[in-house]
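Summary of structural features
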Amino acid sequence: MEEITQGVNNINLANDSHKKNRIQVSNTKKPLFFYVNLAKRYMQQYNEVELSALGMAIATVVTIAEILKNNGLAVDKKITATTVDMKDDPRGRPVQKAKIEILLGKIEKFDELMAAAAEERGGVDGEE
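An unreviewed UniProt entry annotates the protein chain as Mitochondrial substrate carrier family protein of Hibiscus syriacus.

Set out below in structure tokens:
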């Protein structure tokens, strides 16, 4: 029985391994800067982050990407816009929704900038 459980866990890990750096953004569940900070953490860990959203959350993803780029932390690697069929209709008919995926990579000085920001926060906290 233990071998079966381990086999199932290995299958799940194999399917998830290529998308560990993906953040699926919702514009209703979490505040904007939750996603900005999560994206920074993912870039530290994986060197890049993929932001993904459907429908009305697309504006949120674009805003997150622009904040990271304007702060000099990330660069665009790839942007994909598509439509996907969803069963949103109460009658079960498929409804098309817009989908965006933005792949951001960290810039060369990313780690230096993040260390400086952490040091700045540490200095402010230590003075109080």
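**A closer look at the side chain of T60**
Following the sequence through the fold, T60 ends up in helix α3 (residues 58–70). Residues contacting T60, with those up to four places away along its chain left out, are V25, N27 and L32.

**Looking at the packing of aromatic side chains**
For the structure shown, the criterion picks out two aromatic pairs. Judged by centre distance (5.3 Å) and plane angle (80°), the ring pair of F34 and Y35 falls under edge-to-face. You can call Y35 buried: its relative accessible area is 5%. Between Y42 and Y46, the ring centres sit 5.9 Å apart and the planes meet at 80°, which makes this aromatic pair edge-to-face. Of this pair, Y42 and Y46 both sit in helix α2 (residues 32–46), four residues apart, roughly one helical turn. Note on Y46: relative accessible area 32%, which makes it partly exposed. The ring centre of F34 lies 5.0 Å from the NZ or CZ of K30, which sits over that ring.

**Some points on the pairing of strand β4 (residues 95–106)**
Direction of pairing for strand β2 (residues 48–54) relative to β4: antiparallel, over a ladder of seven bridges. Across the sheet, the residue bridging to V49 is L104, located in β4. With twelve bridges joining them, strand β3 (residues 74–86) and β4 adopt antiparallel strand pairing. By the bridge assignment, I79 is partnered in β4 with I102.

**Looking at the sheet that holds β3**
The four strands are arranged β1-β2-β4-β3 in an open sheet whose pairing can be described as mixed. Edge positions in the open sheet fall to β1 (22–24) and β3, since each of these has one partner strand only. In this sheet, adjacent strand axes meet at a mean angle of 20° when their direction is disregarded. Inspection of the sheet shows β1 paired to β2 by three bridges, in the parallel sense. Each bridged residue has a counterpart across the sheet, and for Q24 the counterpart in β2 is S52. Against the sheet, α2 touches β1, β2, β3 and β4, its axis set at about 140° to β2. Each of β2, β3 and β4 is contacted by α3, which is oriented at about 10° to β4, the strand it contacts most.

**Side note on unusual backbone geometry**
One non-glycine residue, N47, lies in the positive phi region at around 70°. Looking at where N47 falls in the secondary structure, it is placed in the loop between α2 and β2.

Definitions and limits used
- Residues numbered from 1 in each chain as written.
- Predicted model: local features only at pLDDT ≥ 70, side-chain atom pairs only at ≥ 80, totals over all residues.
- Heavy atoms only, no water.
- Helix = DSSP H or I, 4+ residues; strand = E, 2+ residues; numbered from the N terminus.
- Contact = heavy atoms within 4.5 Å.
- Phe/Tyr/Trp six-rings, centres within 6.5 Å; stacked < 30°, edge-to-face > 60°.
- Buried < 20%, exposed > 50% of the residue type's maximum accessible area, 1.4 Å probe, protein only.
- Lys NZ or Arg CZ within 6 Å of the ring centre and 35° of its normal.
- Pairing = 2+ DSSP bridges.
- Axes fitted to C-alpha atoms, helices over the stretch in contact; angles between N-to-C directions.

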